[in-house]
Structure formats: structure tokens, C-alpha cells
Amino acid sequence: MKVSHIGALLLFAGRAHALLEVIQAAAPPRLDLSTPTCKQQVFTHGFGNSYGAPYVGYYTPPHDCAYTTTIFNLSVVSSGRQYDRLATLWLGDVEVWRTSTAMPTQTGIHWSFQKDMTIWDTILRSQDPTKIIFELNNVIDGDRYTGFFNATLEALYFDDVYDHGAGLHPAEHIYAISTQSSSSNTTSLFSLPEDSGTVNLTLPRNAKTAVVSIMASGNAAEEFWFTNVPTEYINTFPENEGWLYGYSPFREVQLLIDDQLAGVSWPFPILFTGGVDPGAWRPIVGIDAYELPSFEVDVTPWLGLLTDGESHTFELRVVGWDSSTEDGIGPVGDNWWVSGSVFVWVDEASEQTVVGDFQSEISSPVFDFQPTLGTHVNENGTATNTSFYYALTASRSLTVSSMITSGGESRLVSWSQDLSYSNIQNMTDFAFNQSLAMISSGRHSNSASDIVSSYTYPMNLFSAYKVQSEGATTNPGSVLCLVDRSKLTDGIALLPFLTGILAGPETLSTRQNVTSNYHWNSTIVEGTAGLDTMDGETWFSSSSSPGIDQGVRRYHRYAREKNDAIEVDEEGWSTIQVPPTEPLPVVEGEPHV
């Protein structure tokens, strides 16, 4: 069965035949999106020279319209030459969607993506107009950068009946962990490590459940953090100075409450549409490129300490690995863009939640680093580094628990995590050739269900750059890229479950396998016709337990692409077998990890 959930939503449907549609494989938020109870256009805006000039407007809920579900549809068209750009959507000081753009062609591209916004229902129903800010920093110079991004955001409303069972519903309160700068018509991102990442919040005395949602992504020198090297090795190849970035390939996003660690995220490695090889991500973008993932920490065990009516600090940090420190934790480079939100449910029958037997069992991460340098001794006796191989592994466990009492009832609540990480890299040809085999995995449990959730992120990546003497950014060059990676998750998505969107666990398996050979022309931004080649496959399969009849229980999509064209695109309301990510083949005699 072919699924046509997107076609009816395209704002530019009349022109769609002339534009290349650039897709991300993802389950639709609902079985049917074509018959909303009501809808409204939130904004339409063109982003040209838009650095420091986001769209700023106001959102108000629809009148005379009964609804329980809100879905945002973002639709964008662009043509010309342009790099990929990061974009963020805010309701006041709260970030609600982080996305990125596809790279356009001269003849034009289009994409649309739909996101269920029901977890933000408390903000979306405010009768006072809510400031809405959409930041998409872009550059137009009329010569090299010519691509505008013309974006339209539409809100679709559905009057779904939820099987709330245990009385689950959207959170009564949502608090921002951000710079809280919306009054100045700017976004409220923390840029770490420069900013403090800290806010002071006072939670309701009768809070019974609380979850912190964290969004974090590396940019600039931190965009490809997973390919970085320990700082002491950035000058391993003096002939290629400035090519390697430091602070290690390990990143941990931390949540601290009153200076105590409450939870961590070992982030999913995003490959944006200009990442490594721009030719690899059109017409299928990388995993999660249109909806960068958040990570949730159950902070319910802290509630008895946080419901005293006093202000408490919530802090977000990003750290890397550093061999010179006692616990292995060290700084990172600029720019990690980070924000968070605290979702709070209250007990109307209770005046104050109290805590007993609060326990925190948190140890430092355990790291192991094994480097090997290959050198060549010249006839004059000088040594030249020819290769660099290393393996970095890490593991960490933490548990926070307490007995909290609200409304006359006591319950044991806890949050626990077990994480592991491995990154093996091999660099040759002065690091212009780089092989990477990385895998992050984790398990966590929370106080909302008895289900243990897990994730695994395997990625195998090979890149081989050929550049002129002055470097790839000033003269035409090329890059050969091979990537095979997956995102595998199983368990409870905490916020949708507590909101009632999900009634039980969900399972996701997605894989991308892409080979691309991309040649810059004199503009650098676009490839060279007749020389660029790419082919790839994408598998996506998910199953869940939705809380509404129109929820998606099973969905799959398989697509095969070649040279900016889709050769096969199959999707339907069933699951498929997703083959596992495999080690990459040897390329031109280069050793692989």
C-alpha cells in the first residue's frame, strides 16, 4: 500500500513537478493529515541575508475549533547556490523545533516536514498571543551565495480522542532553560561553552512529575565533533596544519540541578546536508536532519528538593574527554547550541510534594585511549608522521532515586542510565583520508513506566579529500565519501508517553548507506555537473502504541537514490526488515577500521 500523507499538504503543490523534493525518511505524526478540524498559516517568510534577523510574530490558538492535537507543517522552497543552514523555532523563550535545510539546486528544491506539537499544548493554548521566533541564518551575496529559503509554517488541528488510561495529559507548566531573550526579538540559545547555560527556576510546590528535555548540536569547529582528535594531536601532520580539530571525539551533554549531575546525553551524530560530502544528502537528507533529536531526563526524583518554594539552578553543560584531568572530563570548542525545557505535572490534591531517602549514585566516566603513530624516517634523519590510528572507549552509569510523597501517597521514583561508547579512527595521507568506526549505546529507565529504553548509534564513515595546495576552501577539489550508519531505538519516549500521545513502547530502526564522489567547482558551494556521482539506500521501519485511533502503529519507507534522483521509493503501514550497518569496504588500498 502506498502512503500519500504528504502530497495533500504541499503548499507549492502546483509547482512540485518542477522542483526536486528532498526527503527525510520518518514516520508521519498521524495516519491522515488531509482533513484537519481547522488549520491556520502561522507565517510565511523569505530568509536571505538573515543573520541576526529572525522572523518574529505572534501565535494565537484557533477560535471556535475543538481540537486536542496540534501538528506543525514546515514547507520550504529554494533555488540557487547555498550551504546548509541550521534553523530553530521558538515559542517565547522555549525552543520547540530544531531543524536544518537541504542544499538547493539551480532549478530548485522543495521539502516539507510535519511535527506533532501536542507536548507543548500548554503554551499553544495560551489566550494571550505568544511570541513566535523562527531563526534561519542565511547569506546572499549575489555571486556565490544566491539561494533564498522561502519558508511557510502551517498549523493543523485535529479533535482526536485519547485513551488516557492513567489520566495522562500535557504538562501543566513548561519552563525554559535558555537565555530567555525573546523580549529582545532574538532566540534564546545558549552558545556553549561561552555562555553560562544556567537558569534559576521556582517549581510549583505540588509538582508530582517533572521531565527535562534537552536540545544540543555542535556547529562550526564542533559540527563534526565525532571526527575530532585529542587536542595534543591536532598538529600530528604539520604538512596539513589546521585540518584536525581538537577536544577529542567524545561529547557529553550534562544536566545539573543545584550543581549536582542529574543526567547526561551522549548525542546522536548528526550529518547535515553539507556535511563531509554535500553530494551525499540529496534527494535524501541524513537521519534526523529535519528534526534534530532531543533527549529527556526524568527529574521526578528531585522534586521533593525542588518543591520548597525556593529558586533552584538548572544548568546545561557540554564536555569532552581530556587525558590531563583526573576524571577525564575536559572542555570543548565553540559552538554548541543548547537549550532545555522543564515539563511539570502537578497534583491538584496536594499542597506540597516532599522527599525522603534521596540517593544519587554517580561515578565518573571510564575512558581508555590507545594511539598509534606511523612515521617515516627520511634520508636526512628527520621523521615525518604518515598515519595516525587511535581507539577511544568510554562508559558511565548513574542512578538517582528518592521516595516522594504527594496527595497522601508515597512512591519510589528513580532515573538511571548506562552508557557505552567506542570511536576508532585511522588517518592517512596527512589526514586527508580518514576512516571512522563509531558506536554509542545506552539504556535508561524512569519512574513513569517499568520499561527499560535503549538506543544504539553505529556509524562507519570514510572520507578522502583531494585538494589544491591552498586547501579545499579556496580551490576546486573533490571528496569521496562512504557512510553506513543506523539509528536503533526501543522503549518509551518519555514526553509523548506522559502526554498521552503514546500508550506504550515504540521501536525504530533506520539505516543509510551512501557512496558519493563530489567535485567542487569554482563556487565551492555546488558540485560539478558530469563529474559528481552518488548512490545510496535508506531503510526506515517503526512500530509504536499510539494513544489515539489515528496514531501510526507501524510504518516503513525504503528509498534508493542515484545522482540527485529517486529510483525507488516505497512506503506503507507495515514494518520491514532493516539490514544492519556493515563495515565499509577497503578503498584504493587504504586500511579501514
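Since this is a predicted model, take the numbers as computed values, not measurements.

1. What to know about unusual backbone geometry
Move 1: Residue P193 follows L192 across a cis peptide bond; omega there is 10 degrees.
Move 2: By secondary structure assignment, the location of P193 is in the loop between β11 (190–192) and β12 (198–201).
Move 3: Note the cis peptide between D334 and N335, where omega equals 5 degrees.
Move 4: Here N335 lies in the loop between β18 (329–330) and β19 (336–346).
Move 5: The phi dihedral of F430 falls on the positive side, at around 55 degrees, and the residue is not glycine.
Move 6: Tracing the chain through its elements places F430 in the loop between β23 (409–428) and β24 (433–445).
Move 7: Residue classification places F430 among the partly exposed positions, given a relative accessible area of 31%.

2. Quick notes on the environment of V253
Move 1: Inspection of the secondary structure assignment puts V253 in strand β14 (residues 252–257).
Move 2: When the C-alpha atoms of V253 and F295 are compared, they prove to be 9.6 Å apart, with 42 residues separating the residues in sequence.
Move 3: Discounting residues that sit within four places of it in the chain, V253 has contacts with I214, A216, G263, V264, S265, P267, R317 and V318.

3. As for the layout of surface pockets
Move 1: Here the largest pocket defines a volume of roughly 1300 Å³.
Move 2: Looking at the largest pocket, it is lined by 38 residues, and the ones nearest its centre are A220, E223, F224, Y245 and G274.
Move 3: Secondary structure elements with two or more residues in the lining of the largest pocket: β24 and β25 (453–466).
Move 4: In the lining of the largest pocket, the residues fall into 22 nonpolar, twelve polar and four charged.

4. Digging into the confidence of the model for the protein
Move 1: Confidence along the protein averages 92 in pLDDT terms, with 94% of residues attaining 70 or more.
Move 2: Across residues 1–16, confidence stays below pLDDT 50; counting only partners more than four residues off in sequence or on other chains, it has 32 contacts.

5. What about the sheet that holds strand β6 (residues 94–100)?
Move 1: Overall, antiparallel pairing links the four strands, which are arranged β3-β8-β5-β6 in an open sheet. The open sheet has two free edges, formed respectively by β3 (55–59) and β6, since each of these has just one partner strand. Strand-to-strand twist in this sheet, taken as the mean axis angle between neighbours without regard to direction, amounts to 20 degrees.
Move 2: Alignment of β3 against strand β8 (residues 130–136), held across five bridges, turns out to be antiparallel. Pairing of Y59 across the sheet is with T130, part of β8.

6. Structural notes on the pairing of strand β5 (residues 86–91)
Move 1: Along β5, six of the six residues are buried, which leaves the element largely enclosed by surrounding structure.
Move 2: Side chains of β5 alternate between two faces, with L86, T88 and W90 and A87, L89 and L91 buried alike.
Move 3: Judged from the six bridges that link them, β5 and β6 form a sheet pairing that is antiparallel. Bridge assignment links L86 to a residue of β6, and that residue is S100.
Move 4: From the end of β5 to the start of β6, which pair antiparallel, there are two residues, and G92 there has a positive phi angle of about 65 degrees.
Move 5: Sheet analysis places β5 next to β8, joined by five bridges and oriented antiparallel. By the bridge assignment, A87 is partnered in β8 with L136.

Each value, and the rule that gives it
Residues numbered from 1 in each chain as written. Predicted model: local features only at pLDDT ≥ 70, side-chain atom pairs only at ≥ 80, totals over all residues. Heavy atoms only, no water. Helix = DSSP H or I, 4+ residues; strand = E, 2+ residues; numbered from the N terminus. Buried < 20%, exposed > 50% of the residue type's maximum accessible area, 1.4 Å probe, protein only. Contact = heavy atoms within 4.5 Å. 1 Å grid on protein atoms, 1.4 Å probe; cavity = no way out; pocket = protein on both sides within 12 Å on 5 of 7 lines; lining within 4 Å. Points joined across faces, edges and corners; volume = space filled by probe spheres on them. Nonpolar A, V, L, I, M, F, W, Y, C, P; charged D, E, K, R; others polar. pLDDT = per-residue confidence, 0-100. Pairing = 2+ DSSP bridges. Axes fitted to C-alpha atoms, helices over the stretch in contact; angles between N-to-C directions.

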